[in-house]
Amino acid sequence: MPTNAAPSHPTAHRDRALALLEFAHGQTRTLIRDFPHDKLTHQPSPTDNHALWTIGHLATGYAWFKSLLDGKMHPLPETYNALFGMGSKPVSDPKVYPPFEQVSKHSEEAYAALLAAARAQTDADLVAPTAADAHGFARDRLDAIEKTAWHEGWHAGQLAGIRKALGLKPTIG
């Protein structure tokens, strides 16, 4: 069968997009797994995102991307949008943030909710417009999943850069 042939089952495109997202999320998990807790708010330069902000920001991203699929935001603590949402700026003082374990837990819960919403879609569903306003960021629901993977990869790259600046062991290669 040629590689450009039509998919043979009703979730082929969804499954491929989810495989990319799961790969990117796996990279984030690996990059943060042995991250020193006393360096979670380290910023190689004042404009860099730090690891704690990044994990909280991914949580707010997962909640929003989920809403693009099913119209419902995943609930996060009230403070998360101001601390980690679009337009927020990382601060180097760790006392500004909830404990990393809490931020990480909320991020993983929001990710799981996003995956569940995505898995509930068929390829036919995914060509429909987003279920919430995407503000021009995603064309349709499939694009929303693909952009979630891009967003995850973007921030995983930032984590890799911080690891390098700290002299931590690389996670790839």
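Use the structure listed above.
Keep in mind that what you see is a predicted model, and the values were worked out from it rather than measured.

Peer 1: Would you mind going over the overall build of the protein with me for this structure?
Peer 2: Helix and strand content of the protein: 6 helices and 0 strands. When the helices and strands of the protein are listed from N to C terminus, the series reads α-α-α-α-α-α. Compactness check: the protein gives a C-alpha radius of gyration of 17 Å against a globular reference of 16 Å for 173 residues, within 12% of the reference. Summarising its shape, the C-alpha atoms of the protein cover approximately 50 × 40 × 25 Å along the three principal directions. Taking the contacts inside the protein whose residues are at least 6 apart along the sequence as the reference set, 74% of them involve residues at least 24 apart. Put simply, the protein shows about 9300 Å² of open surface, and 59% of that area lies on carbon and sulfur atoms.

Peer 1: Even after reading the chapter, I still don't get the environment of Lys-39, so can you show me in this structure?
Peer 2: Mapped onto the secondary structure, Lys-39 falls in the loop between α1 (12-33) and α2 (51-70). Residue Lys-39 is classed as partly exposed on the basis of its relative accessible area of 34%. Residues Lys-39 and Leu-52, spaced 13 residues apart in sequence, show a C-alpha to C-alpha distance of 9.0 Å.

Peer 1: What should I look at first to understand unusual backbone geometry in this one?
Peer 2: Excluding glycine, most residues fall at negative phi; most peptide bonds, likewise, are trans. For His-135, which is not glycine, the phi dihedral falls at a positive 55°. Tracing the sequence through the fold places His-135 in the loop between α5 (123-126) and α6 (141-166). Taking relative accessible area as the criterion, His-135 reaches 62% and is therefore assigned exposed.

Peer 1: Can you walk me through the side chain of Thr-11 in this structure?
Peer 2: One can find Thr-11 in the segment before α1. Relative accessible area serves as the criterion here: at 15%, Thr-11 is assigned to the buried category. What Thr-11 contacts, discounting residues up to four positions off in sequence, is Gln-121, Thr-122 and Asp-123.

Peer 1: So what exactly am I meant to see when it comes to α1 here?
Peer 2: Within an α-helix, residues lying three or four positions from one another point in the same direction, as the helix has 3.6 residues per turn. For α1, spanning 22 residues, the distance from its first C-alpha to its last is 31 Å, which sits close to the expected 32 Å at 1.5 Å a residue. Turning to α1, its buried residues are Arg-14, Ala-17, Leu-18, Leu-21, Ala-24, His-25, Thr-28, Leu-31 and Ile-32. Buried residues of α1, seen end-on, are gathered within an arc of 140° and therefore sit on one face of the element. In α1, those exposed residues whose orientation departs by more than 90 degrees from the buried face are Arg-16, Phe-23 and Arg-33. In this fold, the buried residues of α1 make contact with α2, α4 (100-119), α5 and α6.

Peer 1: I would appreciate a short explanation of the pattern of salt bridges in the present structure.
Peer 2: Pairing is possible between side chains that carry opposite charge, provided their charged atoms lie close to one another. Inspection of every chain in the model, using the stated rule, returns 8 salt bridges. The closest approach of N and O atoms between Arg-119 and Glu-22, which form a salt bridge, is 2.5 Å. With Arg-119 in helix α4 and Glu-22 in helix α1, this residue pair connects regions lying 97 residues apart in the sequence. Asp-34 serves as the salt-bridge partner of Arg-163, at 2.7 Å between the closest nitrogen and oxygen. Of this pair, Arg-163 sits in helix α6 while Asp-34 sits in the loop between α1 and α2, and the two are 129 residues apart along the sequence. Residues joined by salt bridges that share partners form a network here, namely Arg-139, Asp-143 and Lys-147.

Peer 1: Sorry if this is basic, but what is going on with the nonpolar core here?
Peer 2: Nonpolar side chains in soluble globular proteins tend to be buried together. Core analysis: the biggest nonpolar cluster contains 38 residues, and Leu-21, Ile-32, Leu-40, Ile-55, Leu-69, Phe-84 and Ile-145 have the highest contact counts within it. The dominant element in this core, judged by the number of residues it contributes, is α2, at 9 residues. The residues contacting Leu-69, other than those within four sequence positions of it, are Leu-114, Ala-117, Ala-118, Gln-121, Leu-126, Ala-131, Arg-141, Ala-144 and Ile-145.

Scoring rules and cut-offs
Residues numbered from 1 in each chain as written. Predicted model: local features only at pLDDT ≥ 70, side-chain atom pairs only at ≥ 80, totals over all residues. Heavy atoms only, no water. Helix = DSSP H or I, 4+ residues; strand = E, 2+ residues; numbered from the N terminus. Rg over C-alpha atoms; globule rule 2.2 N^0.38 Å. Contact = heavy atoms within 4.5 Å. Areas by Shrake-Rupley, 256 points an atom, 1.4 Å probe, with all protein chains shown as cover. Buried < 20%, exposed > 50% of the residue type's maximum accessible area, 1.4 Å probe, protein only. Expected span 1.5 Å × (residues − 1). Arc of directions from axis to C-beta. Salt bridge = Lys/Arg side-chain N within 4 Å of Asp/Glu carboxyl O. Core = buried A, V, L, I, M, F, W, Y, C linked by side-chain atoms within 4.5 Å.

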